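Structure assessment
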Amino acid sequence: MTDRRRRLSFTCAACCVLGAAWPGAAWPDEYERVEDAVCLSQEEALERALVLYTPEQPVEVREEQCEQVLFRVRVVAIPDRDMARDIERRAALAGLPTLLLEAPGRLPTYSVQLGAFDDQQRARVQVEQARDAGIGPVRIIRAGTEAPGYTVYRRIAPAVPETESEALPEETGETALQLGDEPPPPEPDIEDEPSDFGVSFPRLRAETGLLHGGGRPARQANYLHGEYGIDWQPPGMLEGRVGIRFDGYHQSGDQTLDDARLDYGESYLRFRGDQTRFTLGTQRIIWGRVDEIPPQDRLSTIDLNRFILDDLTDRRRAMPAARLEHFRGAFRVDAVVSPRFREAKMPHRDSIWHPVDRRDGRIAGLESDPMLADLVRAGTFEEGLDGDPVGGVRVTRSGRGGDFGLSIQRTRHGTPYYELHPQVREAAAQLAAQGESVEGAVTATDEPTFTARHPRTWVIGGDFGFNALGATWRGEAVWLSDVPATTRDTLELITVEGAEWVVGGEFYPGDQNLRMTVQLAGQHLLDPPDVLDRVDYTSLNVELEEVFAREAWRVRLRMSTGLRVHDFYFNPRVSYERWEPHEIYAAYHYFDGEDGTLGGYYHRNQLLTVGWQVSW
Amino acid sequence: MPRKLCTKTRRVPSLIPLLLMSLMAFVPAASASEGEAWAQRVYERADGDDVVIRGRMILMEESQEPRVRETYEYRLDVADGEVRNLVRFTRPGDIADTGLLTHDHADGESDQWLYLPALDRVRRISSERRGGRFVGSDLYYEDLEDRKVDRERHTVTGREDIHGVETIVLESVVVEGDPSVYSRRIRWVHPETLVALRTDYFEGAEEPSKRMTVHRLEKIQDYWTVMDSTMEDLESGHQTRLVVDDIIYDQGLPETLFSTDVLSDVTRERQYRPAQNQP
């Protein structure tokens, strides 16, 4: 029984009780009878009351005495009992209900009732059936009686005002209501007259970093960064933007560096339709769904100038592209074509973040090898340009219950992979076979000893996101047709199939301000030969973020650790954000790991940074 | 069941007093059913089929300069308990163009997405957050929800004056099992406008932890609108003042405005914004 039905049942019972306790009591005047709910059974009355009930007009079910009209079908004036019993038997054989009645008197008479109906038409039908069975004469007798019944009453005057137009103080003409003596709020800033052009400083940043620990490559590493943009947004379907950025790097100590670079920012022309957007120019396009390391992010230009010190946004540069986005309902199709692949922005060769260590003969991500080390120290490097068209299509759906995406791309690996010149490789093999140092092999050619390669590859991937158990779950995976690797015996560059995946969740423990993201990630070479590269790599990535004092302070911790290999990154950061829109921060970056890992390669770059940044 | 014609009302045979007492115990108090009625009317208060608000959230702390978040908020009542809501931050610069899109469904579930302009990415986020302060204010995420009436049991506890205005005091206690941050609320409802002029929020204690106070109502396009209000953290003294600078009702906002592609594209919502610098 539903709550409402139970309440009405009790109300019905209470009405009965009240009627008993106060005999002759008159019902309150504010109730009126519902004309189509009169003299029903209790069950019928409750059903009807459920339908009629509203909070504004509650209902009551009242028991009343009701006149009942019946149409009885009878064979009457039967003179003797045997004849009456015979009629009863024949009616029963015909499937008719029977009731033998006696009217006592000096000369008793009998009648056989063949049913009683509240509907005269049904009574007529019963008469026809009796006659068809050869029973007669049959009569319809109308009779009236009184019996208890239940009627639904509904309150006339609602408990609360029916409509606002009746309740609102229209007559007084009030259109405002001031409460208390709170001083009025400050007036909002009045902006200049709207213009088609706008200027923005998305970021201005200055940072100083102090390295520590034995073997540090430099004593200090400073960074200066600025972005400037002019937006054009006239009425209509066109808009545009021109952006530029500046990056300055300074190192002091063993490895000194002073480097300043200008680069274009997002600079494009955009056409906007109802369900379509076409953008032509340099753009920062970051595909994927998971945090920090989305496997499907293969078209954007990676910025390696500061390795992973910065967030994903700051580790990506604009690239020239034509981008078509089409929206239909919950679906979005995103197609990108870049006429010329833009490889990763590399740091200066003397930067502590360069992936080639000429002092110790190491290349980031590769296990140490004596022959390789000699060649790295003695050889030359060229950052090769493999500019040719790349592109891809991504389809996403964002709607009730969950989001997902699929993508297919034909692109190149943005991070350089260094290929040893074939002639140098051959000469080194010969020298090694003779037991001699391979450093002399670099003279086997006038061309660069090592050339940065960005092998082409197909990338097919998918991703999902949904909420469950109070958390947001995200996952992403890709298959790559060609992942570069170096054979251990001959130091030859080859490509093999590969796969990458990330799954994780975002939580708010205790449903407070602490945000926690935990991700598992994997990178795998599929069925490779013996290579210097790590074949299987899995890691656990955690990010914690908490705000204090009404977001005046923000504390964040990033951590990444290999699961079957010692490869560790630890980055606590605290920032003061009360002085909006400025931010002052301090952070620590700790790297450690075994040979062949990025943590191991950068383990001497542990540094403490202090910085300031602002956005207008 | 035979059809009956009603003849007269007659008292039924009397019942024993004990049965009378036990039955009376189950009859809902008039103030409780009245409370449900008031709560329903407050929930259904006419507030337009859609609305666009240009507003400010002013975070105030003692001895500190106020911090201001400027926003545009769009809301659309689709039908049958389906509500769409889009909030776009315009200031300060570090959160400018950040957007929050919420789809509230009739069955009480919600979907929520956040747009991060720096990443140019839309992220699904948890819609079950209730605690935690919204952009550092004194509003919890739960305070932004479309709160269905049946999540609480409502009772009218009396009438009181608020600044010379008579109000109905409505107490709402969370039903068992509801994951609300609050254990109960007390609202002082203005019967003519159906606006709660004051709301005390309780988080399990005898004393309220937060208080929302309305300073000014205005009738705009025939809808009574809260133009100025303050949410105060009673324990710390922090306050968040919510100011409506401009508002437009019933523009006929399209449902497509509340999609993730619009969330990621600020330009597409601008045509619906109230114009600034109006004389």
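So, how was this worked out
- Residues numbered from 1 in each chain as written.
- Chains lettered and ligands numbered in written order.
- Predicted model: local features only at pLDDT ≥ 70, side-chain atom pairs only at ≥ 80, totals over all residues.
- Heavy atoms only, no water.
- Helix = DSSP H or I, 4+ residues; strand = E, 2+ residues; numbered from the N terminus.
- Contact = heavy atoms within 4.5 Å.
- Areas by Shrake-Rupley, 256 points an atom, 1.4 Å probe, with all protein chains shown as cover.
- Rg over C-alpha atoms; globule rule 2.2 N^0.38 Å.
- Buried < 20%, exposed > 50% of the residue type's maximum accessible area, 1.4 Å probe, protein only.
- Lys, Arg positive; Asp, Glu negative; His and termini not counted.
- Charge placed at Lys NZ, Arg CZ, Asp CG, Glu CD.
- Patch = residues over 30% accessible without salt bridge, like charges linked within 9 Å, V, L, I, M, F, W, Y side chains within 5 Å.
- Salt bridge = Lys/Arg side-chain N within 4 Å of Asp/Glu carboxyl O.
- Polar contact = N/O pair within 3.5 Å; in protein donor to acceptor, adjacent residues only side chain to side chain.
- Pairing = 2+ DSSP bridges.
- Phe/Tyr/Trp six-rings, centres within 6.5 Å; stacked < 30°, edge-to-face > 60°.
- Lys NZ or Arg CZ within 6 Å of the ring centre and 35° of its normal.
- Core = buried A, V, L, I, M, F, W, Y, C linked by side-chain atoms within 4.5 Å.
- Disulfide = S-S within 2.5 Å.
- pLDDT = per-residue confidence, 0-100.

1. Notes on the overall build of chain B
Along chain B, the regular secondary structure elements total four helices and 14 strands. Partitioning the contacts of chain B with sequence separation of at least 6, the portion at a separation of at least 24 is 43%. Summing over all exposed atoms, chain B offers an accessible surface of approximately 12300 Å²; the carbon and sulfur share of this is 49%.

2. Let's talk about the overall build of chain A
Secondary structure assignment for chain A yields eight helices and 32 strands. The C-alpha radius of gyration of chain A comes to 44 Å, more than 25% above the 25 Å expected for a compact globule of 616 residues. Summarising its shape, the C-alpha atoms of chain A cover approximately 145 × 70 × 50 Å along the three principal directions. The buried share among the 616 residues of chain A stands at 49%. For chain A, the proportion of contacts with a sequence separation of at least 24, taken over those separated by at least 6, is 63%. Taken as a whole, chain A presents about 29200 Å² of accessible surface, with 55% of it coming from carbon and sulfur. Averaging the locations of the 69 positively and 100 negatively charged side chains of chain A gives two centres separated by 5 Å.

3. Quick notes on a negative patch on the surface
Residues and elements named next belong to chain A. Taken together, E382, E383, D446 and E447 make up a surface patch of like negative charges. Here E382 lies in strand β19 (residues 381–382). Using a relative accessible area of 39% as the deciding quantity, one classes E382 as partly exposed.

4. Here's the deal with helix α6 (residues 370–378) of chain A
Residue and element names in this part refer to chain A. Within the sequence span of α6, burial applies to L372, A373, D374, L375 and V376. Residues of α6 that are buried make contact with β17 (356–357), β18 (362–363), β19, β22 (417–420), α7 (422–433) and β23 (450–453). Among the residues of α6, the N-terminal cap falls to D369, whose side-chain oxygen and the backbone nitrogen of M371 are separated by 3.1 Å.

5. Digging into the pairing of strand β12 (residues 210–220) of chain B
Sheet topology places strand β6 (residues 176–178) of chain A next to β12 of chain B; three bridges connect them, and they run antiparallel. Across the sheet, the residue bridging to A176 of chain A is E218 of chain B, located in β12 of chain B. As paired elements, strand β11 (residues 195–202) of chain B and β12 of chain B share four bridges and run antiparallel to each other. Paired with Y201 of chain B across the two strands is K210 of chain B, which belongs to β12 of chain B. In this structure, the hairpin formed by β12 of chain B and strand β13 (residues 223–233) of chain B is closed by a connection of two residues, where Q221 of chain B is found at a positive phi of approximately 50°.

6. Re the pattern of salt bridges
When the charged atoms of two side chains lie near each other, side chains of opposite charge can form a pair. Enumeration over the complete set of coordinates arrives at 89 salt bridges over all chains. The closest approach of N and O atoms between D178 of chain B and R151 of chain B, which form a salt bridge, is 2.8 Å. Taken together, the positions of D178 of chain B in the loop between β9 (165–174) and β10 (184–190) and R151 of chain B in the loop between β7 (121–125) and β8 (152–162) put the pair 27 residues apart, joining distant regions of the chain. Exposure remark for R151 of chain B: the relative accessible area of 13% places this residue in the buried category. Beyond isolated ion pairs, a larger network of salt bridges with shared partners links E239, R270, R272, R277, R323, E325, R332 and D334 of chain A together with D120 and D265 of chain B.

7. Remarks on the packing of aromatic side chains
A full pass over the atoms with the stated rule returns 22 aromatic pairs over all chains. Considering the side-chain rings of W353 of chain A and Y602 of chain A, the 5.5 Å spacing of their centres and the 45° angle between planes classify their relative orientation as tilted. One end of the pair, W353 of chain A, is in the loop between β16 (331–338) and β17; the other, Y602 of chain A, is in the loop between α8 (598–601) and β32 (607–614), and 249 residues separate them in sequence. Among the residues examined, W353 of chain A registers a relative accessible area of 5% and is labelled buried. With centroids separated by 6.1 Å and ring planes inclined at 50°, the aromatic side chains of F591 of chain A and Y602 of chain A adopt a geometry described as tilted. Pair noted here: F591 of chain A is in strand β31 (residues 582–593) and Y602 of chain A is in the loop between α8 and β32, with a separation of 11 residues, a long-range link. As far as the burial class goes, F591 of chain A and Y602 of chain A line up, both buried. Grouping aromatic residues by their ring pairs yields a cluster made of F307, W353, Y569, F591, Y601 and Y602 of chain A. Directly above the ring of Y153 of chain A sits R62 of chain A, whose terminal nitrogen or CZ lies 3.8 Å from the centroid. We note R273 of chain B situated over the ring of Y72 of chain B; from NZ or CZ to the ring centre the distance is 4.1 Å.

8. Remarks on the nonpolar core
All names here are of chain A. Among the nonpolar cores identified, the biggest contains 35 residues, and I363, L375, V376, Y418, A441 and F450 are the most heavily contacted of them. Discounting residues that sit within four places of it in the chain, A441 has contacts with L375, V424, A427, A428 and L431. One finds F71, Y110, A123 and V138 within the second-largest nonpolar core, a separate group that totals 18 residues.

9. Considerations on the state of the cysteines
Residue and element names in this part refer to chain A. In this structure the tally under the stated criterion is one disulfide over all chains. Across a sulfur-sulfur distance of 2.0 Å, C39 and C66 are joined as a disulfide pair. Negative torsions about the S-S bond denote left-handed disulfides, and the value of about -90° found for C39 with C66 makes this one left-handed. Of this pair, C39 sits in the loop between β1 (31–33) and α2 (42–52) while C66 is found in strand β2 (residues 59–78), placing the two residues 27 residues apart along the sequence. Per residue, the accessibility class of C39 equals that of C66, and both read buried.

10. Focus on a nonpolar patch on the surface
All names here are of chain A. Taken together, the side chains of F197, V199, F201, L204, L224, Y228, I230, V242, I244, F246, L262 and W616 make up a nonpolar region of the molecular surface, amounting to roughly 1100 Å² of accessible area. Looking at the nonpolar patch, the elements with two or more residues in it are β7 (197–211), β8 (220–232) and β9 (238–252). The leading source of residues in the nonpolar patch is β7, at four residues. Counting through the fold element by element, V199 comes out in strand β7.

11. Remarks on the sheet that holds β19 of chain A
Residue and element names in this part refer to chain A. Spatially, β19-β23-β22 is the arrangement adopted by the three strands of the open sheet, whose pairing is mixed. Of all strands in the sheet, those with a lone pairing partner are β19 and β22, marking the two edges. With two bridges joining them, β19 and β23 adopt parallel strand pairing. Directly across from F381, in β23, lies its bridge partner F450.

12. Re unusual backbone geometry
In this structure, P581 of chain A follows E580 of chain A across a cis peptide bond, with omega equal to -5°. With respect to the helices and strands, P581 of chain A occurs in the loop between β30 (567–576) and β31. Cis rather than trans, the peptide bond between R91 of chain B and P92 of chain B has omega equal to 5°. As for its position among the elements, P92 of chain B is in the loop between β4 (82–91) and β5 (99–104). Positive phi, normally seen in glycine, also occurs at D527 of chain A, with a value near 55°. Tracing the sequence through the fold places D527 of chain A in the loop between β27 (515–526) and β28 (536–548). The exposure class assigned to D527 of chain A is exposed, which follows from its relative accessible area of 74%. The backbone of D222 of chain B shows a phi angle near 70°, a positive value even though the residue is not glycine. Here D222 of chain B is to be found in the loop between β12 and β13. For D222 of chain B, a relative accessible area of 63% puts it in the exposed group.

13. A closer look at the environment of E73 of chain B
Residue and element names in this part refer to chain B. On the secondary structure map, E73 appears in strand β3 (residues 67–79). Residue classification places E73 among the partly exposed positions, given a relative accessible area of 29%. A polar side-chain atom of E73 sits 3.1 Å from a polar atom in the side chain of N85.

14. Points about the confidence of the model for chain B
Residue and element names in this part refer to chain B. This prediction gives chain B a mean pLDDT of 83; 87% of its residues lie at or above 70. This model gives residues 1–30 a pLDDT under 50, and the stretch forms 57 contacts once residues within four places in sequence are excluded. As scored by the predictor, the complex reaches a pTM of 0.74 and an ipTM of 0.80.

15. Notes on the pairing of β3 of chain B
Residue and element names in this part refer to chain B. Bridge count between strand β2 (residues 50–60) and β3: 10 bridges; the pairing is antiparallel. Each bridged residue has a counterpart across the sheet, and for G55 the counterpart in β3 is T71. In textbook terms, the turn of a hairpin is the stretch between consecutive antiparallel strands, and for β2 and β3 this stretch comprises six residues, one of which, S63, has a positive phi near 65°. A loop of two residues connects β3 with β4, the two strands running antiparallel in sequence, and D80 in this loop sits at a positive phi of about 50°.

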